[in-house]
Structure formats: C-alpha cells, structure tokens
Amino acid sequence: MAAVLHGGQPLSGKTFCFTGTLASCSRAEAEEAVKTLGGTATSSITRKTLFLVAGAEPGESKVTQARKFGAKQLSEEEFLSLLEEA
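This report concerns the structure included in the present document. (Residues numbered from 1 in each chain as written. Predicted model: local features only at pLDDT ≥ 70, side-chain atom pairs only at ≥ 80, totals over all residues. Heavy atoms only, no water.)

Take Lys72: it is sitting in strand 4 (residues 72-75). Taking relative accessible area as the criterion, Lys72 reaches 48% and is therefore assigned partly exposed. Placed 21 residues apart in sequence, Lys72 and Phe51 show a C-alpha to C-alpha distance of 4.8 Å. Setting aside residues up to four positions removed in sequence, Lys72 forms contacts with Leu50, Phe51 and Leu52. (Helix = DSSP H or I, 4+ residues; strand = E, 2+ residues; numbered from the N terminus. Buried < 20%, exposed > 50% of the residue type's maximum accessible area, 1.4 Å probe, protein only. Contact = heavy atoms within 4.5 Å.)

Right, here's the structure in full:
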C-alpha cells in the first residue's frame, strides 16, 4: 500500500472481477483496494477483464467466462500477494 501513499497507481489499466466468498475481507473491501491502487473492479467478466479473483465456492459461469476471454484466475492468496506487491 506504500505506492498509494505516494500517489502511485500500480493497478492502472487492470480490470478485476470477484467470485465466491473471500475469507480475509468482504468483496466490497477487495474492490475498493483495487480502485485505490488505480485498477477497475467489475461485477461481471468482459473482454477487458484481466483477473478473476476466485474465493470459496466460485460461480461456475464467471470461471467459464474468464477462461473464454483469457482472464487469469487468481486465488484469494494470490490476489492478496498482488496487493502487497503493489
């Protein structure tokens, strides 16, 4: 989160979608973290979606759409690690 304190936008141009239940935070909190770092959070998969963050019991339709459009699927742990690196 240091990049945010210095005005950085490390997730600029990156679109995230979330599915399933996240253990460490609410979906709204995860979406806000993405937005704070300059990224975009959406509720559905589109061709612009780069990452699908899949928590527990992810929606199969979102997983299928992510594969179709070539979005990378991240586990919650991978997502949190990405945020820490940003």
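Strand order across the open sheet formed by four strands is 2-1-3-4, with parallel pairing between neighbours. The open sheet terminates on both sides in strands that have one partner only, identified here as strand 2 (40-42) and strand 4. When strand polarity is set aside, the average angle formed by the axes of neighbouring strands in this sheet is 30 degrees. Lying over the sheet, helix 2 (residues 27-36) contacts strand 1 (15-19) and strand 2, oriented at roughly 170 degrees with respect to strand 1. On the sheet, helix 4 (residues 76-85) packs against strand 1, strand 3 (51-54) and strand 4 and is oriented at approximately 90 degrees with respect to strand 4. (Pairing = 2+ DSSP bridges. Axes fitted to C-alpha atoms, helices over the stretch in contact; angles between N-to-C directions.)

Another point: the packing of aromatic side chains. In the structure shown here, the tally under the stated rule is three aromatic pairs. Look at Phe16 and Phe51: their rings are 4.9 Å apart centre to centre, the planes differ by 25 degrees, and that puts the pair in the stacked class. Of this pair, Phe16 sits in strand 1 while Phe51 sits in strand 3, and the two are 35 residues apart along the sequence. With a centroid separation of 5.2 Å and 85 degrees between ring planes, the pair formed by Phe18 and Phe79 is classed as edge-to-face. In this pair, Phe18 sits in strand 1 while Phe79 sits in helix 4, placing the two residues 61 residues apart along the sequence. We classify Phe18 as buried; its relative accessible area is 2%. Members of the aromatic cluster, connected to one another through ring pairs, are Phe16, Phe18, Phe51 and Phe79. (Phe/Tyr/Trp six-rings, centres within 6.5 Å; stacked < 30°, edge-to-face > 60°.)

Before going further, it helps to examine the nonpolar core. Counting residues in hydrophobic clusters, the biggest one holds 16 residues, and the most contacted among them are Phe16, Phe18, Leu22, Ala30, Val53, Phe79 and Leu83. Contributing elements (two or more residues each) for this core: strand 1, helix 2, strand 3 and helix 4. Ignoring sequence-local partners within four residues, the contact set of Phe18 consists of Arg27, Ala30, Glu31, Val34, Ala41, Thr42, Leu52, Val53, Lys62 and Phe79. If you look at the next biggest cluster of nonpolar residues, it comprises six residues, including Ile45, Val63, Ala66 and Ala71. (Core = buried A, V, L, I, M, F, W, Y, C linked by side-chain atoms within 4.5 Å.)

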